[in-house]
Amino acid sequence: MIICSMRNETPHTELSPASLASSPIVGNASHATGTLVDKYGRHVTYVRLSITDRCDFRCTYCMAEEMTFLPRQEVMSLEESLQVAKTFVDLGVTKLRITGGEPLVRKNVMWLIERLGALAGLENLVLTTNGSQLERFAAPLKAAGVRRLNISLDTLKPERFKEITRIGDLDKVLRGIDAATNAGFRRTKLNTVMMRGTNDDEFVDLVRFAMTKELDISFIEEMPLGEIHGRNNTYISSEETLALLGRHFELLPSTESSGGPARYWRIPGSESRIGFISPHSHNFCDTCNRVRVTAKGELYPCLGQNDALNLLPVLRTGTDDAALRQAIVDSMGIKPFGHDFTQQMDAPQVVRFMSMTGG
Ligand code: SAM
Ligand code: SF4
């Protein structure tokens, strides 16, 4: 039985292997064609897989200062993460993003990445990172078949970087970005969360930095995830930033897509794409092709809702992949039409931190 949690209730959905065995296929997922289709006809081909809730930073918009992380036994093992990924790929998923927390702080992370890179049918293996470990990992990630990196960067000022991340070292991240380019990564994308009074005076500089380094950059509207208050004062819409950038650059709208919700602009003479991820001002739900799996094995069909389906009991008691496959198919039935983030940012609209769900 699938249990849907209500908004702001503790989101814990249990799906017992016994109930799974008798549960009907919901949604329109088809074993015959091996594809996942939700009840609104959207094909799910993209999974974001979080492999840890831990991180070496404590970004103010993502985590509380004092975080309690999951006990190790509640986190999927690397073998379990691999099994989940394999099953999704069997069901027609072609793109997998590894995320966290900070995925590169997970012990033996390369064991998993190497196996994912070799998965037949997985066309696009990508990773989101804060960049802190890239000096060490960029080359092995490239060799393992990771296609593209997203690296978070909210500021180019070392002191400010320390304030936003509470711990991080900007220089290390900048060296990580260069290490990615030197390892052969192209079209690396910077992710910048827009925060009024914190980094809005640097958006132009960040775009210039991206252009100089031949990187893409996406500006993200802050989302009300987790118990972090005071967001109302810092929220900036994509429109406002677009208008600001338009006063400094010639911006041409582009029809390009990276397969995600970002809308892109180009600057003539530059290879860099300027993207905007606007969950508030431009709801992108009608074309949503993705689901998320947390480090503890919860399958969230929507980042902005609390409904989830717990895969861990299925993984830990199942003797074959059939139950897991069925559970994933069933999740199509609880994929909502969309999130309904409002611009009332002061109260959390979703109780999880982003580091739990994976960005
Ligand atoms: N640690 C990695 C990183 O920072 O890139 C991967 C995980 S992080 C949760 C993924 C992305 O989510 C980052 O780009 C981060 O800026 C973004 N993020 C975290 N909390 C957010 C929030 N409340 N609103 C919007 N974006 C957020
Ligand atoms: Fe860590 Fe990424 Fe969250 Fe920052 S945004 S605290 S780097 S998981």
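Structure first, text after, so check above.
Engineer: Provide a residue-level description of the pattern of salt bridges, including the pertinent values.
Structural biologist: Inspection of the entire model under this criterion finds 10 salt bridges. The partner of D178 in a salt bridge is K213, and the shortest N-O contact between them spans 3.0 Å. Of the two residues, D178 is situated in helix α6 (residues 170-182) and K213 in the loop between α7 (203-212) and β6 (216-221); the sequence distance between them amounts to 35 residues. A residue is classified by how much of its surface remains accessible, and D178, at 31% relative accessible area, is partly exposed. Looking at K213, the relative accessible area reads 32%, which means it is partly exposed.

Engineer: Let's hear about the site of ligand 2: which residues, and what values?
Structural biologist: Around ligand 2, the neighbouring residues are C55, F57, C59, C62, M63, G101 and N130. In terms of residue class, the shell around ligand 2 is built from 5 nonpolar, 2 polar and no charged.

Engineer: Tell me about the environment of S272, residues and numbers included.
Structural biologist: Mapped onto the fold, S272 is located in the loop between β8 (263-266) and β9 (273-277). Along the primary structure S272 and M211 are separated by 61 residues, whereas in three dimensions their C-alpha atoms are 5.6 Å apart. Discounting chain neighbours no more than four positions away, the residues touching S272 are R187, A210, M211, E214, L215, D216, W265, R266 and I267. Polar contacts involving the side chain of S272 include one to the main-chain carbonyl oxygen of L215, which spans 2.6 Å.

Engineer: Outline the site of ligand 1, supporting the account with residue identities and numerical values.
Structural biologist: Residues in contact with ligand 1 amount to 19 residues; listed here are only the nearest, Y61, G101, T129, S152 and M223. Here a nitrogen atom of ligand 1 and a backbone polar atom of G101 are 3.0 Å apart. T129 places a polar main-chain atom, nitrogen or oxygen, 3.1 Å from an oxygen atom of ligand 1. Here ligand 1 has 540 Å² of accessible area as a free molecule, and 96% of this is covered by the chains. Of all the secondary-structure elements, those providing two or more residues to the shell around ligand 1 are β3 (124-129), β5 (189-194) and β6. Residue classes in the shell around ligand 1 are distributed as 6 nonpolar, 9 polar and 4 charged.

About the thresholds
Residues numbered from 1 in each chain as written. Chains lettered and ligands numbered in written order. Predicted model: local features only at pLDDT ≥ 70, side-chain atom pairs only at ≥ 80, totals over all residues. Heavy atoms only, no water. Salt bridge = Lys/Arg side-chain N within 4 Å of Asp/Glu carboxyl O. Helix = DSSP H or I, 4+ residues; strand = E, 2+ residues; numbered from the N terminus. Buried < 20%, exposed > 50% of the residue type's maximum accessible area, 1.4 Å probe, protein only. Near = heavy atom within 4 Å. Nonpolar A, V, L, I, M, F, W, Y, C, P; charged D, E, K, R; others polar. Contact = heavy atoms within 4.5 Å. Polar contact = N/O pair within 3.5 Å; in protein donor to acceptor, adjacent residues only side chain to side chain. Areas by Shrake-Rupley, 256 points an atom, 1.4 Å probe, with all protein chains shown as cover.

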